[in-house]
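Remarks on the overall topology
Now for the letters of each chain:
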Amino acid sequence: MTKTALITGITGQDGGYLAELLLEKGYLVHGMIRPTADISGNRVDALSRANPGRVHLHYADLTDTSSLAALMDKSEPDEVYHLAGQSHVQVSFDLPEYTGESTALGTMRLLEVIRQRHKPVRFYQAATSEIFGEPQEAPQTEHTPFRPVNPYAAAKLYAFSLVGVYRRAYGLHASNGILFNHESPFRGATYVTRKIARAAAEVAAGLSDGVALGNLEARRDWGYAVDYVRAMYLMVQAETPDDYVIATGESHSVREFCEHAFAHVGLDYTGYVHQDPAFMRPVDITETRGDATKARTLLGWEPTVTFEELVHMMVDAEVERIDHHA
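These lines cover the structure that appears in this document, whether it is placed above or below. (Residues numbered from 1 in each chain as written. Predicted model: local features only at pLDDT ≥ 70, side-chain atom pairs only at ≥ 80, totals over all residues. Heavy atoms only, no water.)

Observations regarding the pattern of salt bridges
Counted according to the given criterion, the structure contains 18 salt bridges. Where Glu76 meets Arg117, a salt bridge forms, and the shortest distance between an N and an O atom there is 2.8 Å. Of this pair, Glu76 sits in the loop between helix 3 (65-75) and strand 4 (79-82) while Arg117 sits in the loop between helix 5 (96-115) and strand 5 (122-128); the two residues are 41 residues apart in sequence, bridging distant segments of the chain. With relative accessibility at 36%, the residue Glu76 sits in the partly exposed group. Across the pair Arg187 and Glu183 runs a salt bridge, and its minimum N-O distance is 2.8 Å. Pair check on accessibility: Arg187 and Glu183 agree, each one buried. Within this structure, Asp73, Glu76 and Arg117 form a network of salt bridges that share partners. (Salt bridge = Lys/Arg side-chain N within 4 Å of Asp/Glu carboxyl O. Helix = DSSP H or I, 4+ residues; strand = E, 2+ residues; numbered from the N terminus. Buried < 20%, exposed > 50% of the residue type's maximum accessible area, 1.4 Å probe, protein only.)

In structure tokens form, the structure reads like this:
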């Protein structure tokens, strides 16, 4: 029997990769897009055209319960992968109320719509390592105390907690993936990794003099988005719902990312990267590093791409984009 999945945030980095994975596994895929979104040229639009009758896109908004209910009626999913919400840390400082409405309360609205349906639905919530804040221990596990230090993380912690509430109180098959930073050539243009990869390619092509960044010493556990999307799928297929840290177990600084990115195109990053106070966050996390032992043991999940391979992949993609438009 063909399964049906609904992906909120399908136009994002993870949503696109997840749609590809589910299509490969024979699913019918429904995706939620914002009413104001322009998806022309988006890879999900291309997926829809390449898979007629198997990919269906619908307008809905996490701040509007009626639109979410209508979305569920149209899609009738067996599985819901909830990836949508305001997910940029710096934007959350500028728009804290909107971040709470979409990321925190949006998750509550979606869970309520699912709870009130007669058909059992398996639910995945994209949590984040940002909920650990400035961690009290390293590496971070499912038992590390949560100490969010920005509005985005606070909103995500509310959503994370609600998943546990609905799982225990209503018996929903609802899981949280506490995903550490994960990147790819389709990372959003405003994220630091994409900015660095693009800058390296543009400088090498003579199209730019360099890039301005914030804290170069911040250390993050960076993995490959395709690996992390596979973890989402495994959580939903598991017999028992639960919460899992998804991470590589290694941390690297923004400076290291710059060093590898520019070296990949034969350049020394020090001549092209400078710090700009405008990109410094009011409160920043020094280091994140996750322990995915639980996911490795219970889900059989493993990361497949190293940090250096990831950086090179992203830079190569930017070089190809430049060559394509030359």
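Further notes follow.
Quick word on the packing of helix 7 (residues 192-204) against helix 11 (residues 307-325)
Their axes nearest at 8 Å, the elements helix 7 and helix 11 cross at an angle of 55 degrees. In terms of their interaxial angle, helix 7 and helix 11 are classed as oblique. Relative to helix 11, the crossing made by helix 7 is right-handed. Every residue of helix 11 that contacts helix 7 at Thr193, Arg194, Ala197, Arg198, Ala201 and Glu202 is listed here: Met314, Val315, Glu318, Val319, Arg321 and Ile322. (Axes fitted to C-alpha atoms, helices over the stretch in contact; angles between N-to-C directions. Parallel < 35°, antiparallel > 145°, perpendicular 65-115°, else oblique. Left-handed = near helix turned anticlockwise from the far one by under 90°. Contact = heavy atoms within 4.5 Å.)

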